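So you can see what is in the structure, the chains are spelled out below.
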Amino acid sequence: GLTIQQLIEFALPLGWLPQVSPGTKYVSLGGCVAADVHGKNHHHDGAFSSSVLSLELIVADGKRMRCSRDENSEAFWATIGGMGLIGIIGEVELQLRPVESAYIRATHHAANNLKHAFELFEEYDSASYSVAWIDLQAQGEAQGRSVVMLGEHASIDELDGAVQNAPLEIKPRGSRRIPFDMPSFLLNPTTIGAFNNLYYRMEGGKDDSFIVDYEKFFYPLDALSEWNRLYGKPGFLQYQCVVPREGGYEALSKLLDELAQSKHPAFLGVLKKMGAASEGLLTFPMEGYTLALDFPCSGDALLELLQRFDAIVTAAGGRVYLAKDARLNAEMLRQMYSNVDAFIKIKHKLDPGGRFSSNLSRRLGLE
């Protein structure tokens, strides 16, 4: 149950941070392993599993297994990205990253459209961290206009003032809370478009590098507690896919075309460059590009749109992220993930009675 936040609170004062972290610190280490999460540095450092040295797996009969790349490796790679279906992750042994400070030197670049964003990712491939915010309301030649954000761990010499005297400390900041479910009509193409125009001008206009603490760089949404309530009572659905590097631009361009034709509002779009895949049987990342889109829930019309997305992603050789999935079907899963049968075989071996089960596993036929 140890979270990324608790790990950082312990390790950062000693000069260490996780090698890989997702976009929120309110997740457990076991969950990070089970989803094989990735961060803004996957193109260089891989998924969370790249830092996992070993783990303790508690299987269905109560037996505790030490698993690693060399010991019980079959169970290790089934558990990595296995969505908690192999057993309980009791312990995780992982390698942390030494850092001089709690700060990041960030640089922003405005991209005129999706093609330009891809070009910037390639141009700045050496950046340790990279991610792009996409304006999903932009149309025509500006479709996919973005702000590409790069980051490097800041050295003590790059800091100044009081910060330089306490480089591993940051001021505690309270989390603002959304106190109630917002009316659904507040999120519409007009309000989203106005926000996107403002954000693109403000963030894309930061021509010079600047220093920011690790929380603001890695976990921007954590500053707004219960931010999901912005979507109102119906809630939201996130669709995240990854497509191979070859043909990736064409696939994501088609996806944005489909989105524009559908007229569905989409509030947030995030694009990242991905590196080589791990050996996890159900691990999501592959070398290429991943796009995450947030939609206000709107019933069958949205689900039909996402099925069309699935067809585009599958035709490109890509797949959907199971950690954020609530609607994929078993047939499509098998088209996206080639190791499903191998995973089920190991699961049956370690959990013959099917004691570890979930709504996802039942829907996707992973039992």
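For the structure, see preceding data.
Rules and cut-offs
Residues numbered from 1 in each chain as written. Predicted model: local features only at pLDDT ≥ 70, side-chain atom pairs only at ≥ 80, totals over all residues. Heavy atoms only, no water. Axes fitted to C-alpha atoms, helices over the stretch in contact; angles between N-to-C directions. Helix = DSSP H or I, 4+ residues; strand = E, 2+ residues; numbered from the N terminus. Parallel < 35°, antiparallel > 145°, perpendicular 65-115°, else oblique. Left-handed = near helix turned anticlockwise from the far one by under 90°. Contact = heavy atoms within 4.5 Å. Patch = residues over 30% accessible without salt bridge, like charges linked within 9 Å, V, L, I, M, F, W, Y side chains within 5 Å. Areas by Shrake-Rupley, 256 points an atom, 1.4 Å probe, with all protein chains shown as cover. Salt bridge = Lys/Arg side-chain N within 4 Å of Asp/Glu carboxyl O. Buried < 20%, exposed > 50% of the residue type's maximum accessible area, 1.4 Å probe, protein only. Arc of directions from axis to C-beta. Polar contact = N/O pair within 3.5 Å; in protein donor to acceptor, adjacent residues only side chain to side chain. Disulfide = S-S within 2.5 Å.

Caption draft 1: Quick look at the packing of helix α9 (residues 248-262) against helix α10 (residues 300-315). Look at α9 against α10: their axes get within 10 Å of each other, and the N-to-C directions meet at 165°. Put simply, α9 runs roughly antiparallel to α10. The two elements α9 and α10 cross, and the hand of that crossing is right-handed. Taken together, the residues of α10 that come into contact with α9 (itself represented by Ala251, Lys254, Leu255, Glu258, Leu259 and Ser262) are Leu305, Arg308, Phe309, Ile312 and Val313.

Caption draft 2: Region of the structure containing a nonpolar patch on the surface. On the surface, Phe10, Leu14 and Trp16 cluster together into a nonpolar patch covering about 350 Å² of accessible area. The topology assignment puts Phe10 in helix α1 (residues 4-11).

Caption draft 3: Just helix α5 (residues 114-123), in detail. Residues of α5 that are buried: Leu114, Ala117, Phe118, Leu120 and Phe121. What you see down the axis of α5 is that its buried residues fit within an arc of 160°, all on one side. Looking at the buried side of α5, the elements it contacts are β6 (103-111), β7 (129-134), β8 (146-153), α9, β13 (268-274) and β14 (288-296). You can read the cap of α5 off the contacts: a side-chain oxygen lies 3.3 Å from the backbone nitrogen of Lys115, and it is on Asn113.

Caption draft 4: Structural context of the state of the cysteines. Scanning the entire structure with this criterion turns up zero disulfides. In this structure Cys67 is a free cysteine whose sulfur lies 18 Å from that of Cys32, the closest cysteine sulfur available. Here Cys67 falls in the buried class, since its relative accessible area comes to 0%. Free cysteine Cys297: the closest other cysteine sulfur is in Cys241, separated by 18 Å.

Purely geometric numbers; function is a separate question.
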